[in-house]
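What the coordinates show
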Amino acid sequence: MRLLELTIQHCRNIKKANLEFSPHVNLITGSNGSGKTSFIEALSVLGYGRSFRTSRISEVIQYEKKALLVSANINSDSTGDTRIGIEKQPHKTQIRVNRKRIKTQARLSKILPVTIVHPLSYQVITEGSSRRRRFIDWIAFYLYPEFHTLWKRYNHLLKQRNAALKHPDLHYAIEHLTTELCQLQEPIYNFRKAALAQFKHTLHETTPSFLYSYIPEVTLTTGFPSSQILEAESLIQFYERKKHLDKKRGRTTSGIHAADLTITLKSKPAATSASRGQNKIISLLLHVAQSLTIQPRGIIAIDDLSAEIDHSNYKKLLRFVNELERQLFITSTEPIDQTDTQAAMFHVEQGNFTRKR
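Description of the structure in this document. (Residues numbered from 1 in each chain as written. Predicted model: local features only at pLDDT ≥ 70, side-chain atom pairs only at ≥ 80, totals over all residues. Heavy atoms only, no water.)

Moving on: the sheet that holds strand β8 (residues 114–117). Strand order in the open sheet formed by six strands is β8-β12-β13-β3-β14-β15, with mixed pairing between adjacent strands. The strands lining the two open edges of the sheet, one partner per strand, are β8 and β15 (352–355). Taking each pair of neighbouring strands and ignoring which way they run, the sheet shows an average axis angle of 20°. Its contacts with the sheet place helix α9 (residues 276–293) against β8 and β12 (299–302), and it is angled at close to 175° to β8. (Pairing = 2+ DSSP bridges. Helix = DSSP H or I, 4+ residues; strand = E, 2+ residues; numbered from the N terminus. Axes fitted to C-alpha atoms, helices over the stretch in contact; angles between N-to-C directions. Contact = heavy atoms within 4.5 Å.)

Below you can see the structure in the form of structure tokens.
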């Protein structure tokens, strides 16, 4: 899958940009605040339906404008050319595929799998479990069509059960909602486990030898005590024992919504044993493997690859990503050495892009 053309309107300091890309490497240089990260952010809005920098889309829309628009022409060997686009207003989203309006971001994400690596991506290692759940769920979403349906159903039931736990007038519904919730725990966990197995295989197979020391061990927890089995009847009994605590806290305290990935390096938690620079390298390997696991689709966008990585490792990482069978978008404040003569090079100033060659 290749991103052939991209149009961005009213995304932070990018008033309007129409860009055509190389099917392999695309390099965007410019000073801080010039529009490099806004370009990556536009890709994020198109692929994920949201910014990776903020949860408030109003902060991404250019000042005094009502909406931002990102549209693209993409090509895949199986479906040919496809035109996609998304318009985001503070309280409204419109998505189109081949000029037809569609209702869900999920369909758009299926068409354009984007993996974004940015200077704070290492927080998948160091921050809360929700980031790591999203990481593995993104893989399961692409590999197993049933996963998304189950996960949406689970979250709907979870919200209902939490509401019932909070309000005494709704306590009558807890038993039924618990039974429904228990039916979904094991299937969702099994999809995650299968996705993790494929991911780990890809991580080990694709990481070059000079980066072996950065390959972490990744394991999956269930969101329950380790001794708890996920068979539905056993879970119903578990929740019955926990019902008083759940009522007291007003939420479902255990479940696959509380699962986590544990990421260790040399048997120690990477979050505390590795430096920030090391965690940035580990994060890059994780995200690249994530993209490669959902073969044969996907593009990889890396914002400021050199940030907080020493020069020697930066050169190794640049060589590594250049050899990937993926369309790449890499930004930098400095010129990037590039041996690929087919690479497209852009320079951006104040939101205006100039193609160098």
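Position of Ala 164 among the secondary structure elements: in helix α5 (residues 145–166). Beyond its immediate chain neighbours, meaning those up to four positions away, Ala 164 contacts Leu 170, His 171, Ile 174 and Leu 177.

Here strand β13 (residues 327–332) lies mainly inside the structure; six of its six residues are buried. Side chains Gln 327, Phe 329 and Thr 331 of β13 all project onto a buried face; the interleaved residues Leu 328, Ile 330 and Ser 332 project onto the opposite face, where all are buried too. Alignment of strand β3 (residues 25–29) against β13, held across five bridges, turns out to be parallel. Bridged to Asn 26 within β13 is Phe 329. Inspection of the sheet shows β12 paired to β13 by four bridges, in the parallel sense. Each residue of the ladder has a partner; that of Ile 300, found in β13, is Leu 328. Note that the unit made of β12, helix α10 (residues 311–322) and β13 has a crossover that is right-handed. (Buried < 20%, exposed > 50% of the residue type's maximum accessible area, 1.4 Å probe, protein only. Right-handed = clockwise from strand over helix to strand, strands pointing away.)

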